[in-house]
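Reading the structure
Next come the chains, spelled out residue by residue.
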Amino acid sequence: MFLIKQKDFFVICSDDYSNSVSERYRIDTDSGFNEKSFMGYCFQDNRLFHELYNEIPDISALEDTYYYNCGVFCAIIIEKSTRIFTDPMGQYPVFYYHNGNSFIVSNNFFAISSILNNKNINIDCMVDYVTYLSPLKQETILENVYRLSSYQSIKIKNESFLVVKHNNYLLDLDYNELLNITANRMKLRAKALLEKHKPVCHLTGGGDSRLALASLLSSGFEGNVFSYGDGRSEDRLISNLVATTYNLTPGTVKKFGLHVNDLKKYVNMVVAFNGIKSAHFSNWGSGSDKGYCEVTGYFGEIIKGFGSINFKKDKFPSRISYHDYYRKHSNFDGDIFDQADLRVTEELRDKQHFDSSILNNILFYLRNRCSSHCGMHSVVSNRRFISIDLDYDPLLLSLVNSCKYSEAHIKAGAITVDLIKTIHSTKLATLPYQGRVIPKFTKWIKDLDIPLSCTERYNPEHEMLEKMKVDHIYKEPDLNFNKLGVENYRFNGPTALYQSPHFLKFYQDYPVFLSALSAKKGDKRFELTTLSSLIVCELITKKEIYSFL
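1. Quick word on the pairing of strand β2 (residues 10-13)
- Judged by which residues are buried, β2 turns out to be covered on both faces: F10 and I12 on one side and V11 and C13 on the other are all buried.
- Looking at chain direction, strand β1 (residues 2-5) and β2 are connected through 4 bridges and run antiparallel. Along β2, the bridge assignment pairs L3 with I12.
- Linkage of β1 to β2, two consecutive antiparallel strands, is achieved through a turn of 4 residues.
- The pairing of β2 with strand β9 (residues 102-106) spans 3 bridges and is antiparallel. Of the residues in β9, the one forming a bridge with I12 is V105.

Structure (structure tokens):
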């Protein structure tokens, strides 16, 4: 077995791939070799550890506390055996190929594709990519190359390769007890962060970002907040209401990226996001600022039962029916529940299946769209600055499992509001929310003797706010192209990509995607971006436009 260790990625390979990798990259892991590596960020012993700090946590202790770890990270231990594990909800990307005694593991999909000699395109995954805007079932566009899932790790010993499944992840505790435990954990994470940084907190009008803000406020946060939007946007106006209530001032966010106006930059962007995020790229450019810190709350979606993915059956009408596709993607191989739905069907709304159906929905989201979207954004951002999601906590799954709310109440934000109240105050929990109202039926709200603005839509008759400042930091990336004809190819947006001979050939090789391109419904520009990303992924795996190793 040998190791490749670069600035932004690692690769672990069985010895039979030594001829596929230049000797200058290889580190032999013979008997007596020991290595412990950490990428991403995590909280341990009430401290924040981050890859940009050039300090690592106690990785052996992280392995022992696997089910309770918070952060988006990957850890490697090479001793008598080799263990590779991520944050328990599997948001940090780790990919693997395994066939007999041969294996490759990496946190970069394109590193694996560059080493594999015999590889076949996974057409089903490519269809998923366009249909759902992310791969499904931990598949990649190469057959037999998979992404490590939530509650999975890898163990290698004596050339034996094993994907380990960790099943006992739910705590059997009372809901109120779990609320208090989770609230205390969030306060400690906020305190650890504030000891190192003065962050800008992303604050929308919704509950997820307010949950993160509640943690910060509980630890004395007096810093800056940021919200997108202007004018009479309900989201922005409520954000402003919350900020002024707690004397918080507007801040400036930084964007590390590039205007994508030629194919070189587009390819580099796809590589940065591992080919599993198809659109809405940001923060992927070169350069870094260790002093800049953002706080987000994307993972608060977990406790709202978010995660159903609607099948766009008009995309490939001649290829496959919805029911065939549903059956293909409807189980988790029995490792957590017997069935996980692509979307909540009437059968799964039956009360006797209620608990497992909504938890399955959350797990489906975590393993698919969330890991492609939120997880990849976290990894790419944290290579350039400090981006912390205070809502990330595996105990959120136990909260959903233990609560007595209906599915409708959970989606309305009942658990989120309970947590905000427990962490900070009733006042913060009952300020208005964007686009929705908090549940009037929540017991502690029923007992209040004050009028609740949170139970009605927020519609101010005045206010006109200016956009908050975004500091765009652009820098040319270092690229390694091996096709000069592509290097200088320029385009104005994804649509013009189809003038390239490479893209025309793609439709000749995979005519099924012509139906997706000609579909009448949906955001055409958005879908073209998705198709462009997929085509670039396919070209890179064939080494036609990019050299990785």
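Right, picking up where we left off after that structure.
2. Side note on the sheet that holds strand β14 (residues 224-226)
- The parallel open sheet is built from 5 strands, whose spatial order is β15-β14-β13-β17-β18. One side of each edge strand has no neighbouring strand; the edge strands of this open sheet are β15 (249-250) and β18 (386-389).
- By the bridge criterion, 4 bridges tie strand β17 (residues 293-296) to β18 in an arrangement that is parallel. By the bridge assignment for β18, T296 is matched with D389.

3. Description of the pairing of strand β7 (residues 82-86)
- Within β7, 5 of the 5 residues are buried, which leaves it mostly tucked inside the rest of the structure.
- Residues of β7 alternate between two faces, with T82, I84 and T86 on one and R83 and F85 on the opposite face, all of them buried.
- Looking at chain direction, strand β6 (residues 70-78) and β7 are connected through 5 bridges and run antiparallel. Each residue of the ladder has a partner; that of I78, found in β7, is T82.
- In this structure, β7 lies alongside strand β11 (residues 152-157), joined through 4 bridges in antiparallel fashion.

4. Some remarks on the nonpolar core
- Grouped together as the largest cluster of nonpolar side chains are 96 residues, with contacts concentrated most on I12, I84, V105, L397 and L419.
- A total of 9 residues in this core trace back to one element, the largest contributor, which is helix α9 (residues 354-381).
- Excluding its chain neighbours within four sequence positions, the residues that come into contact with L419 are L179, T182, A183, M186, L211, I303, L396 and L399.
- Core analysis: the second largest hydrophobic core is formed by 50 residues, V130, Y266, A272 and I535 among them.

5. Here we look at the pattern of salt bridges
- By the definition in use, this model includes 10 salt bridges.
- Notably, a salt bridge pairs D393 with R189, separated by 2.9 Å at the nearest N-O pair. Placement of the pair is D393 in the loop between β18 and α10 (395-402) and R189 in helix α4 (residues 175-194), with a sequence separation of 204 residues. Each member of the pair D393 and R189 is classed as buried.
- Residues K304 and D208 are paired through a salt bridge, measuring 2.6 Å at the closest nitrogen-oxygen approach. Here K304, found in the loop between β17 and α8 (322-328), pairs with D208, found in helix α5 (residues 207-218); they are 96 residues apart in sequence, far enough to count as distant.

6. Considerations on the packing of α4 against α5
- Packing of α4 against α5 leaves a shortest axis separation of 8 Å and a crossing angle of 65°. Here α4 is positioned roughly perpendicular relative to α5, judged by the angle of their axes. Crossing of α4 against α5: the hand is right-handed. On α5, the residues touching M186, K187, A190, L193 and L194 of α4 are L211, S215, L216 and S218.
- Here the contact of α4 with α5 is composed, by residue class, of 6 nonpolar, 2 polar and 1 charged.

7. Focus on unusual backbone geometry
- A positive phi angle, close to 60°, is found at N46, a residue other than glycine.
- In this fold, N46 is placed in the loop between β4 (35-44) and β5 (47-50).

8. A short note on the packing of aromatic side chains
- In this structure the tally under the stated criterion is 18 aromatic pairs.
- With a centroid separation of 5.1 Å and an interplanar angle of 70°, the aromatic rings of F109 and F110 are classed as edge-to-face. Of the two residues, F109 and F110, both sit in the buried class.
- Centroid distance F256 to F385: 5.2 Å. Interplanar angle 20°. Geometry classified as stacked. Highlighted residues: F256 in strand β16 (residues 253-257) and F385 in the loop between α9 and β18, separated in sequence by 129 residues. The same class applies to F256 as to F385, namely buried.
- One aromatic cluster in this structure is built from Y66, Y67, Y151 and Y169.
- For K196, the ring lying beneath its charged end belongs to Y53, and the centroid distance is 4.5 Å.
- When the ring centre of Y246 is taken as reference, the NZ or CZ atom of K427 above it lies at 5.7 Å.

9. Regarding the side chain of R367
- Within the secondary structure, R367 is located in helix α9.
- A relative accessible area of 8% places R367 in the buried class.
- Polar contacts involving the side chain of R367 include one to the side chain of S150, which spans 2.8 Å.

Cut-offs and rules
- Each chain has its residues counted from 1, following the order in which its sequence is written.
- Per-residue local features of the predicted model are confined to residues with pLDDT of at least 70, and side-chain atom pairs are confined, for both listing and counting, to 80 or more; whole-chain, interface and lining totals are unaffected and use all residues.
- The basis for the side-chain values is all heavy atoms of the structure; hydrogens and waters are excluded.
- When accessible area is computed with a 1.4 Å probe and restricted to protein chains, residues below 20% of their type maximum are described as buried, those above 50% as exposed, and intermediate ones as partly exposed.
- Each helix corresponds to a stretch of at least 4 residues labelled H or I by DSSP, and each strand to a stretch of at least 2 residues labelled E; elements are numbered beginning at the N terminus.
- For two strands to pair, DSSP has to find at least two bridges joining them.
- Remark: nonpolar core denotes a set of buried residues (Ala, Val, Leu, Ile, Met, Phe, Trp, Tyr, Cys) joined through side-chain atoms within 4.5 Å.
- For this analysis, residues touch if any pair of their heavy atoms sits within 4.5 Å.
- By definition, a salt bridge exists where a carboxyl oxygen of Asp or Glu is found within 4 Å of a side-chain nitrogen of Lys or Arg.
- Note on geometry: axes are lines fitted to C-alpha atoms, helical ones only across the stretch in contact, with angles between N-to-C directions running from 0 to 180 degrees.
- For classification purposes, an angle smaller than 35 degrees is called roughly parallel, one larger than 145 roughly antiparallel, one from 65 to 115 roughly perpendicular, and anything else oblique.
- What makes a crossing left-handed is the near helix being turned counterclockwise from the far one by less than a right angle; a clockwise turn instead makes it right-handed.
- Only Asp, Glu, Lys and Arg are considered charged in this grouping, and only Ala, Val, Leu, Ile, Met, Phe, Trp, Tyr, Cys and Pro are considered nonpolar; every other residue, Gly among them, is considered polar.
- Centres within 6.5 Å are what make two rings of Phe, Tyr or Trp a pair, Trp counting through its six-membered ring; a difference in plane orientation under 30 degrees is then read as stacked, over 60 as edge-to-face, and the rest as tilted.
- A ring is considered to have a charge above it if a Lys NZ or an Arg CZ atom is located within 6 Å of its centre and within 35 degrees of its normal.
- Counting of polar contacts relies on pairs of N or O atoms within 3.5 Å, with two restrictions inside protein: one atom must be capable of donating a hydrogen and the other of accepting it, and residues adjacent in sequence are counted only when both atoms are side-chain atoms.

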